[in-house]
Amino acid sequence: MMTQRRPALFLDRDGVLNVDRGYVSQTADFEWIEGAIECVANFKARGWFVFVVTNQSGIARGLYTEAEMQALHEHMIEELAAHGTAIDRFYHAPWHEEGEVAYYRKASIDRKPGPGMLLRAMADFPVIREQSFLIGDKQTDMEAAKAAGVGAFLFKGGRLDTFAEWSLASFEDGVRG
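I will try to describe carefully the structure that is included in this document. This is a predicted model, so every value here is computed, not measured.

Definitions and cut-offs
Residues numbered from 1 in each chain as written. Predicted model: local features only at pLDDT ≥ 70, side-chain atom pairs only at ≥ 80, totals over all residues. Heavy atoms only, no water. Axes fitted to C-alpha atoms, helices over the stretch in contact; angles between N-to-C directions. Helix = DSSP H or I, 4+ residues; strand = E, 2+ residues; numbered from the N terminus. Parallel < 35°, antiparallel > 145°, perpendicular 65-115°, else oblique. Left-handed = near helix turned anticlockwise from the far one by under 90°. Contact = heavy atoms within 4.5 Å. 1 Å grid on protein atoms, 1.4 Å probe; cavity = no way out; pocket = protein on both sides within 12 Å on 5 of 7 lines; lining within 4 Å. Points joined across faces, edges and corners; volume = space filled by probe spheres on them. Nonpolar A, V, L, I, M, F, W, Y, C, P; charged D, E, K, R; others polar. Phe/Tyr/Trp six-rings, centres within 6.5 Å; stacked < 30°, edge-to-face > 60°. Buried < 20%, exposed > 50% of the residue type's maximum accessible area, 1.4 Å probe, protein only. Lys NZ or Arg CZ within 6 Å of the ring centre and 35° of its normal. Arc of directions from axis to C-beta. Pairing = 2+ DSSP bridges. Right-handed = clockwise from strand over helix to strand, strands pointing away. Salt bridge = Lys/Arg side-chain N within 4 Å of Asp/Glu carboxyl O.

### Notes on the packing of helix α4 (residues 116-124) against helix α5 (residues 139-148)
Where α4 contacts α5, the two axes come as close as 8 Å, and the packing angle between them is 45 degrees. Classified by the angle their axes make, α4 and α5 are oblique. Judged by the twist between their axes, the crossing of α4 over α5 is right-handed. Residues Leu 118, Leu 119 and Met 122 of α4 form the contact with α5, whose own contacting residues are Ala 144, Ala 145 and Ala 148.

Right under this line is the structure:
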């Protein structure tokens with residue numbers, strides 16, 4: 001199954017999958033964006049890969065740990081599984097040049113607008129780049145997608161599943177973000 005090439009939907013996390021309350025790291029602060037679970041389910045049902053690509057500078061800033069972030073991702077995985085769907089893999093960039101935590105204080109191609117997380121996903125999985133796109137809520141997401149050679153759509157709120165269907169239709173019609 002892993003050898004079959006297929007398109008990928010790349011999703012930013014905060015502001016796309018969940019309500020962005022600023023450095024969300026605890027399940028108590030986590031709230032799905034309306035239509036987010038349905039969006040993941042719809043694309044998985046099509047046979048697409050679905051990846052999360054998220055800058056997590058709060059780790060570099062010392063606001064929470066990678067373990068806390070992983071626990072939040074596990075919570076997301078459990079809730080998606082309860083709805084019969086899944087994310088193929090979470091990619092995160094904990095780096096920031098002005099981080100408080102020395103280990104994470106550096107520039108990285110993984111941190112959006114760098115394309116590193118998307119490129120890594122396409123190296124890890126047999127993704128059809130030309131048929132893939134990203135949904136993000138910031139200009140840095142759009143820049144990362146462009147640098148990685150995939151389409152990009154700027155999500156400004158509303159139901160994510162509806163937006164994703166519109167994005168897919170536009171993408172198939174030749175609009176590349």
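Back to the text.
### Here's the deal with the layout of surface pockets
The calculated volume of the largest pocket comes to roughly 290 Å³. Contributing to the lining of the largest pocket are 17 residues, with Asp 14, Asp 20, Asn 55, Ser 57 and Lys 138 lying nearest its centre. Of all the secondary-structure elements, those providing two or more residues to the lining of the largest pocket are β2 (49-55), α2 (57-60) and α5. By residue class, the composition of the lining of the largest pocket is 2 nonpolar, 7 polar and 8 charged.

### Brief notes about the packing of aromatic side chains
According to the stated counting rule, one finds 18 aromatic pairs in the structure shown. Centre to centre, the rings of Phe 30 and Trp 32 are 5.0 Å apart; their planes meet at 90 degrees, and the pair counts as edge-to-face. No difference in accessibility class separates Phe 30 from Trp 32, as the two residues are buried. Each member of the aromatic cluster is reached from another via a ring pair, and the members are Phe 43, Trp 48, Phe 133, Phe 153, Phe 155, Phe 163, Trp 166 and Phe 171. Sitting above the plane of the Phe 49 ring, Arg 6 keeps its charged end 3.9 Å from the centroid. Seen from the ring of Trp 95, Lys 106 lies directly overhead, with NZ or CZ sitting 4.3 Å from the centre.

### Here we look at unusual backbone geometry
It is generally the case that most residues other than glycine have a negative phi and that most peptide bonds are trans. Residue Pro 113 is reached from Lys 112 by a cis peptide bond, and omega for that bond is 25 degrees. Within the element layout of this structure, Pro 113 appears in the loop between β3 (89-93) and α4. Notably, Tyr 23 is not glycine yet its phi reads approximately 55 degrees, a positive angle. Among the structural elements, Tyr 23 can be located in the loop between β1 (8-11) and α1 (36-45).

### Comments concerning α1
Taken residue by residue, α1 has Ala 36, Ile 37, Cys 39, Val 40 and Phe 43 as its buried positions. Axial view of α1: buried residues confined to an arc of 160 degrees, hence all on one face. In this structure, the buried residues of α1 make contact with β1, β2, α3 (66-82), β4 (133-136) and α6 (160-172). Following α1 by one or two positions, Gly 47 has its phi on the positive side, about 90 degrees.

### A look at the pairing of strand β5 (residues 151-154)
Bridging between β4 and β5 involves 4 bridges; their strand directions are parallel. Considered in β5, the bridge of Leu 134 is made with Ala 152. Of the crossover connections in this fold, the one passing from β4 over α5 to the parallel β5 is right-handed.

### Brief notes about α5
By the burial criterion, the buried members of α5 are Asp 141, Met 142, Ala 144, Ala 145 and Ala 148. Axial view of α5: buried residues confined to an arc of 160 degrees, hence all on one face. Two residues or fewer after α5 comes Gly 149, characterised by a positive phi angle close to 80 degrees.

### With respect to the pattern of salt bridges
The tally for this structure, following the rule as stated, stands at 13 salt bridges. With a closest N to O distance of 3.0 Å, Asp 14 and Arg 13 form a salt bridge. Each member of the pair, Asp 14 as well as Arg 13, is classed as buried. The shortest N-O distance in the salt bridge between Asp 137 and Lys 138 comes to 3.5 Å.

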